[in-house]
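Coordinates in review
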Amino acid sequence: MDWPYPRVAAHRGAGRLAPENTLAALRAGAALGCTMFEFDVKLSRDAVPVLMHDETVERTTDGHGRVAELAFDQLARLDAGGWHSARYAGEPVPALAAVARWLMRNAAMADIEIKPCPGREAATGEVVALEARRLWVGGAVRPLLSSFSAVALERACAVAPEFPRLQLFESLPPDWAARCTALGCIAVGVWHAALSEQAITQAHHCGLRVLAYTVDDPARADELFGWGLDTLVTDAVDRIAP
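Rules behind the numbers
Residues numbered from 1 in each chain as written. Predicted model: local features only at pLDDT ≥ 70, side-chain atom pairs only at ≥ 80, totals over all residues. Heavy atoms only, no water. Core = buried A, V, L, I, M, F, W, Y, C linked by side-chain atoms within 4.5 Å. Buried < 20%, exposed > 50% of the residue type's maximum accessible area, 1.4 Å probe, protein only. Helix = DSSP H or I, 4+ residues; strand = E, 2+ residues; numbered from the N terminus. Polar contact = N/O pair within 3.5 Å; in protein donor to acceptor, adjacent residues only side chain to side chain. Contact = heavy atoms within 4.5 Å. Pairing = 2+ DSSP bridges. Right-handed = clockwise from strand over helix to strand, strands pointing away. Lys, Arg positive; Asp, Glu negative; His and termini not counted. Salt bridge = Lys/Arg side-chain N within 4 Å of Asp/Glu carboxyl O. Arc of directions from axis to C-beta. Phe/Tyr/Trp six-rings, centres within 6.5 Å; stacked < 30°, edge-to-face > 60°. Lys NZ or Arg CZ within 6 Å of the ring centre and 35° of its normal. Disulfide = S-S within 2.5 Å.

1. Some details on the nonpolar core
- In terms of nonpolar packing, the biggest core is built from 36 residues, with Phe37, Phe39, Leu96, Leu103, Ile112, Trp136 and Leu145 touching the most fellow members.
- Elements supplying a minimum of two residues to this core: helix H1 (23-31), strand E2 (36-43), helix H3 (96-105), strand E4 (109-114), helix H4 (121-135) and helix H5 (150-159).
- Here this core gets six residues from one element, more than from any other, and that element is H3.
- Among the nonpolar cores identified, the runner-up in size contains 25 residues, and Val8, Leu153, Phe169 and Ala177 belong to it.

2. Some thoughts on the side chain of Ser147
- In this structure, Ser147 sits in strand E5 (residues 144-147).
- One polar contact links the side chain of Ser147 to the main-chain carbonyl oxygen of Ile114, over a distance of 2.7 Å.
- A distance of 3.0 Å separates the side chain of Ser147 from the backbone nitrogen of Ser149, its partner in a polar contact.
- In this structure Ser147 touches Ile114, Pro116, Ala152, Leu153, Leu166, Gln167 and Leu168, once residues within four positions along its chain are discounted.

3. Overview of the pairing of strand E9 (residues 231-234)
- Both faces of E9 are covered, namely the face carrying Thr231 and Val233 and the face carrying Leu232 and Thr234.
- When strand E1 (residues 8-11) meets E9, the two strands line up parallel, connected through three bridges. Following the sheet pairing, Val8 is matched in E9 by Leu232.
- Of the crossover connections in this fold, the one passing from strand E8 (residues 209-213) over helix H8 (residues 218-226) to the parallel E9 is right-handed.

4. Things to note about the side chain of Asp79
- For Asp79, the location among the structural elements is in the loop between helix H2 (72-76) and H3.
- Despite being buried, Asp79 has no salt bridge partner; Arg27 is the closest side chain of opposite charge, sitting 12 Å away.
- Separated by 2.8 Å, the side chain of Asp79 and the backbone nitrogen of Gly81 make a polar contact.
- From its side chain, Asp79 meets the backbone nitrogen of Gly82 in a polar contact 2.9 Å long.
- Setting aside chain neighbours within four positions, we find Asp79 in contact with Thr60, Thr61, Asp62, Tyr88, Ala89, Gly90 and Glu91.

5. Concerning unusual backbone geometry
- Positive phi values are uncommon outside glycine, yet Arg12 reaches one of about 55 degrees.
- Secondary-structure assignment places Arg12 in the loop between E1 and H1.

6. Observations concerning helix H7 (residues 197-205)
- For H7, every residue scored as buried is listed here: Ala199, Ile200 and Ala203. Each buried residue of H7 lies within a common arc of 100 degrees when the element is viewed along its axis, so the set occupies one face. Exposed residues on H7 whose side chains face more than 90 degrees from its buried face are Gln198 and His205.
- Buried residues belonging to H7 abut helix H6 (176-182), strand E7 (187-191), E8 and H8.
- Just downstream of H7, Gly207 is the residue with a positive phi angle, here 80 degrees.

7. Some remarks on the packing of aromatic side chains
- Within this structure, the stated rule accounts for three aromatic pairs.
- Measuring from centroid to centroid gives 4.9 Å for Trp3 and Tyr5, while their planes differ by 75 degrees, and the two rings are edge-to-face. Residue Trp3 shares its accessibility class with Tyr5, and that shared class is buried.
- Across the ring face of Phe225, the terminal group of Arg7 is positioned such that the distance to the ring centre comes to 3.8 Å.
- Sitting over the ring of Phe163, Arg142 keeps its end group 5.5 Å from the ring centre.

8. Here's the deal with the state of the cysteines
- All told, the structure shown has zero disulfides when counted by the stated rule.
- Just so you know, Cys180 is unpaired, no disulfide at all, and the nearest cysteine sulfur is the one on Cys185, 5.0 Å from it.
- Of the residues examined, Cys185 reaches a relative accessible area of 10% and is grouped as buried.

9. Looking at H8
- Among all positions of H8, only Arg220, Ala221, Leu224 and Phe225 are buried. Considered in projection along H8, the buried side chains sweep an arc of 135 degrees and stay on one side of the axis. Exposed residues pointing more than 90 degrees away from the buried face of H8 are listed as Ala219, Asp222 and Gly226.
- For H8, the secondary structure elements touched by its buried residues are E1, H7, E8 and E9.
- Two or three places before Ala219, at the start of H8, stands the capping residue Asp217, its side-chain oxygen 3.1 Å from that residue's backbone nitrogen.
- Phi turns positive one or two residues past the end of H8, at Gly228, with a value near 105 degrees.

Here you go:
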């Protein structure tokens, strides 16, 4: 199993140390030694992949409305940092293209969570995969394409099969391994509280790597690594060393 990714990835950039899903968050994580970043990508109304977790922009910007109903030029004018602290006021909502450029220039890796707005699962999977193919030309390590949406991953596989995929679960259904295999995934991602040593062993026997999210307790991180966990995603980048 090819797994070039480090044991620790920063959640939404640098978690809570900087405004999530922004370039400022990536810079903050890099300053602490992080070399891999997990972040969420949705499509704007005009199908530009942007970093955003929620379906609406209210929680993390000074704007209002649904991401799917706002054009990229509208999203780009929003303040995505002021909600966090005055230090980051004016931080913009970044396009995936800008983030990819930063990652490539800083030799950093990515776990791109395809997080489609309702009804846009296939379109988001396709656009994000094709954009990743365009942006990571010549990159040493391709980004992981992860999602809770099987439809999004299926479409990503159809248009860019060479990119590694990871199926996300909040809890493991009985047929989780078969689902991952059907999508050609190289890994499974699971909420850490739903993981056991047996599940990690089973995944490895099925030829799958295991990623756990979101692990903020160093003692829990040690336990998971003791069970054979491959990578964890954390907000505690200042307490769980990359």
